[in-house]
Amino acid sequence: MEKVNKPEDSKKKGFSFDPKKSGIIESYTVKAGDTLSEIAKKVYGDAAKYNDIFEANKDILSSADDIKVGQTLKIPPKK
């Protein structure tokens, strides 16, 4: 996976970068067929880290299965 580190990289692969968001290094726009596990595998290389993404998005998700196409999810830094 390619990390988004610069604002000019923000349009790549559904990821965006906002340096003003403390603790959030990127975001991800949900596409058809995505699951939190698949997103975690793309971002962290580990599908089991899906809960890190869920916890960062509890303000918009009621469960890990609640993602919808077009939603923008916050992706916390890898721990």
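Definitions and cut-offs
Residues numbered from 1 in each chain as written. Predicted model: local features only at pLDDT ≥ 70, side-chain atom pairs only at ≥ 80, totals over all residues. Heavy atoms only, no water. Helix = DSSP H or I, 4+ residues; strand = E, 2+ residues; numbered from the N terminus. Buried < 20%, exposed > 50% of the residue type's maximum accessible area, 1.4 Å probe, protein only. Contact = heavy atoms within 4.5 Å. Salt bridge = Lys/Arg side-chain N within 4 Å of Asp/Glu carboxyl O. pLDDT = per-residue confidence, 0-100. Polar contact = N/O pair within 3.5 Å; in protein donor to acceptor, adjacent residues only side chain to side chain.

## A word on the environment of Asp 66
Step number 1: Tracing the chain through its elements places Asp 66 in the loop between helix 2 (50-56) and strand 3 (72-75).
Step number 2: Judged by relative accessible area, which is 18%, Asp 66 ranks as buried.
Step number 3: A C-alpha to C-alpha distance of 9.3 Å links Asp 66 and Leu 36, two positions 30 residues apart in sequence.
Step number 4: Sequence-distant contacts of Asp 66, defined by excluding residues within four places in its chain, comprise Ile 60, Leu 61 and Gln 71.

## What to know about the pattern of salt bridges
Step number 1: Scanning the entire structure with this criterion turns up four salt bridges.
Step number 2: One salt bridge connects Lys 58 with Glu 55, and the closest N-O pair in it is separated by 3.5 Å.
Step number 3: What makes Lys 58 partly exposed here is its relative accessible area of 47%.
Step number 4: Of the charged contacts, one joins Lys 68 and Asp 66 as a salt bridge, the two residues approaching to 3.0 Å between their closest N and O atoms.
Step number 5: With a relative accessible area of 46%, Lys 68 lands in the partly exposed category.

## Some details on the confidence of the model for the protein
Step number 1: In this model, the protein carries a mean pLDDT of 80, and residues with pLDDT of at least 70 account for 68%.
Step number 2: Mean pLDDT in the protein bottoms out at strand 1 (residues 15-16), which sits at 56, and peaks at helix 2, which reaches 96.
Step number 3: Contacts from residues 1-12, a stretch scored under 50 in pLDDT, to residues over four places away or in other chains number 20 contacts.
Step number 4: Segment residues 17-22 is flagged for pLDDT under 50; beyond a separation of four residues in sequence, or across chains, it makes seven contacts in the model.

## Examining the environment of Asp 46
Step number 1: When you line up the elements, Asp 46 lands in the loop between helix 1 (36-44) and helix 2.
Step number 2: Residue classification places Asp 46 among the partly exposed positions, given a relative accessible area of 32%.
Step number 3: Look past the residues within four positions of Asp 46 in its chain and what remains in contact with it is Ala 40 and Lys 41.
Step number 4: A polar contact of 3.0 Å, which involves the side chain of Asp 46, links it to the backbone nitrogen of Ala 48.

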